[in-house]
Amino acid sequence: MMSSARRDITLPPDLSRSSGTGPVRQQEPIYVDSIPPCNHACPAGENIQAWLDKAQAGEFEAAWRILVENNPMPSIHGRVCYHPCESACNRGHVDESVSIHAVERFLGDLALEEGWVPKVTAKPTGKKILVVGAGPSGLSAAWHLALKGHEVEIRDAGPMAGGMMRFGIPAYRMPRDILDGEVERIVKLGVKLTLNHKVEDVLKEKEEGGFDAVFMAIGAHVGKHVDIPARDSGRILDAVSYLASVEKGEAPKLGRRVAVYGGGNTAMDAARTAKRLGAEEAMIIYRRDRENMPAHEFEAIEAESEGVKINWLRTIREIDSTTFQVEVMEVDENGRPQPTGEIETLEADALVLALGQNVDTTVLENIPGIEMSWDGVVEVGPNMMTGAEGVFAGGDMVPSDRTVTIATGHGKKAAHHIDAWLRGAAWEKEHREPTVTFDKLHLNYLTDAQRREQKSIAPEERTEDFREVTAGLDAKEALYEASRCYSCGNCFECDGCYGACPENAIMKLGKDKGYAVRYDLCTGCRACFLQCPCHAIEMVPAGTGEAALKEAV
């Protein structure tokens, strides 16, 4: 029984009513592993907190091996992912979010330098899978399937692997040696990569190659077009073709002044690329305002810093040679652009259309059972299989946002489903505890530790060539940045609960083993719960934790 002095302790109003103490214990603590918000926000399903934990201990190889259990291309994602994990990071409520992408990039680059490759421990299954498309989704699926013991071959129509990572993202954001290194590691797992091979008949190649399943992962390489009245226009081409031609060393000459029509990330890349290829003026014309552009804010900021002019709330009405008639738009109460009737004149020698991309799905049109959505993507079931038995699809081919990270996540998910289907089973994602939001943390040790910013080339120097604009962290900086993680929802063995318990009811189980509660001594006072900085302890009805402990033992 608790002493009268201990019962007189005043708890915060929201906790005092349910402290659980008294003649009969009403509540008791249990240790839980909850999903931190960064993990929850990651489209690739990375266990971010787990690899950050190893990274802050300086165990970089162990951190990388945890990372690639879910994402085989950390060097790539550390550069081009738009890191929604950082937007969700609880640290952002205190100072700045952990620079997760920068630590991921460091681990990925270090792995390439050291030549780290995971070992395939699964026994060969004797099953063969054909992956159509060597972009992020196809590469990811091949990686995970190979690790499960399957024989995998990727066939791609292009001369080089990478898909839109290579042909849609310029080298100043995605260095080609890094991309090649990540692809090479996947091949080292035993994945066969066949390039310059366009799959025309899926079922025929499946049968002739003796494949047991097919994963369709063709990227969105077809640029969308728009009808613009033109009396005698200059050169007009789509952004995807333009960026691809640059990658192939076949960049077209666009003249001194280049206009890009669109407001997404591809539009920003096309304009920045034009500057690097000698355009004296590169402008973007977009019908919405800055707040409603599809491009990420930092993309627009970097483009403007390199001299790209962005004409917001403008739409092209007519082109006469190098003269563009654009109408000024205004935003209505619903945030939609509306015409004003006001016309302005702009001058450009060429126009690059960056209005979005489509997937060429003609290869699937004659396959019985496959259904297409109204917007041209493939209908798939919960297991990512199309209406054709054994033919799965993911990435740009299915309804979803089109990013490298989402496509990578699709590849992993498809691999799980394909593996289960080949075994005559079904795969279900493991159920985990809910996320731990900032209000659940007990941060009694708040400190100001500003994040390490990555160095970058000065804007006035960037347009001289295609060198990578942003540099990575060094080992010391990566160690510091990883150490800023709060370990939300997961115990990091700080001994706070052990020291706070007035009844000595907390037992230390040893390094990396955590703690256990001696319920015969616990009074339910919540001292352990209230001091736990990362919310790795939950209070549950009396008897619940003790019963779970007995069941586990």
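This text goes with the structure placed above it.
For the structure given in this document, a descriptive report is provided here. Predicted model only: the values in this text are computed from it and were never measured.

So, on to the nonpolar core. Counting residues in hydrophobic clusters, the biggest one holds 63 residues, and the most contacted among them are Trp 51, Leu 52 and Ile 418. Broken down by element, this core gets its largest block of residues, seven residues, from helix 8 (residues 100–114). For Leu 52, the residues in contact, after removing those within four places along its chain, are Val 98, Ile 100, Val 103, Ala 482 and Cys 485. Ala 239, Leu 243, Ala 271 and Met 293 belong to the second largest nonpolar core, which has 27 residues in total.

All right, on to the pairing of strand 13 (residues 323–331) then. Looking at chain direction, strand 12 (residues 314–320) and strand 13 are connected through six bridges and run antiparallel. Directly across from Arg 314, in strand 13, lies its bridge partner Val 328. Pairing of strand 13 with strand 14 (residues 337–347) involves eight bridges; the strand directions are antiparallel. Residue pairing across strands places Glu 327 opposite Ile 343, the latter belonging to strand 14. Hairpin remark: strand 13 followed by strand 14, antiparallel, with five residues in the connecting loop; positive phi at Gly 335, about 80 degrees.

Here we take up the packing of aromatic side chains. Pairs of aromatic rings are described using the distance from one ring centre to the other and the angle between the two planes. Enumeration over the complete set of coordinates arrives at seven aromatic pairs. Their ring planes at 50 degrees and their centres at 5.8 Å tell us that Trp 64 and Trp 116 sit as a pair that is tilted. With Trp 64 in helix 5 (residues 60–67) and Trp 116 in the loop between helix 8 and strand 3 (128–132), this residue pair connects regions lying 52 residues apart in the sequence. For the residue pair Trp 64 and Trp 116, the accessibility class agrees, reading buried in each case. Directly above the aromatic system of Phe 167 lies the positively charged group of Lys 248, at a separation of 5.8 Å from the ring centroid.

In this structure, Ile 236 sits in strand 8 (residues 235–238). The exposure class assigned to Ile 236 is partly exposed, which follows from its relative accessible area of 38%. When the C-alpha atoms of Ile 236 and Ala 259 are compared, they prove to be 9.7 Å apart, with 23 residues separating the residues in sequence. Filtering out sequence-adjacent residues up to four positions away, Ile 236 remains in contact with Ile 319, Leu 351 and Leu 353.

Strand order in this open sheet of five strands is 8-15-9-10-11, and the pairing throughout is parallel. The open sheet terminates on both sides in strands that have one partner only, identified here as strand 8 and strand 11 (309–311). Neighbouring strand axes in the sheet, compared pairwise and without regard to direction, differ in orientation by 20 degrees on average. Pairing between strand 9 (residues 257–261) and strand 10 (residues 281–285): five bridges, direction parallel. Considered in strand 10, the bridge of Tyr 261 is made with Ile 285.

So, about the environment of Val 436. Considering the arrangement of structural elements, one finds Val 436 in the loop between strand 18 (433–435) and helix 17 (459–462). Remark: the alpha-carbon pair of Val 436 and Pro 36, spanning 400 residues in sequence, is separated by 5.5 Å. In this view, Val 436 contacts Ser 34, Ile 35, Pro 37, Asn 90, Leu 441, Cys 488, Gly 489, Cys 534 and His 535; residues no more than four positions away in its chain are not counted.

Parameters at a glance
- Residues numbered from 1 in each chain as written.
- Predicted model: local features only at pLDDT ≥ 70, side-chain atom pairs only at ≥ 80, totals over all residues.
- Heavy atoms only, no water.
- Core = buried A, V, L, I, M, F, W, Y, C linked by side-chain atoms within 4.5 Å.
- Buried < 20%, exposed > 50% of the residue type's maximum accessible area, 1.4 Å probe, protein only.
- Helix = DSSP H or I, 4+ residues; strand = E, 2+ residues; numbered from the N terminus.
- Contact = heavy atoms within 4.5 Å.
- Pairing = 2+ DSSP bridges.
- Phe/Tyr/Trp six-rings, centres within 6.5 Å; stacked < 30°, edge-to-face > 60°.
- Lys NZ or Arg CZ within 6 Å of the ring centre and 35° of its normal.
- Axes fitted to C-alpha atoms, helices over the stretch in contact; angles between N-to-C directions.

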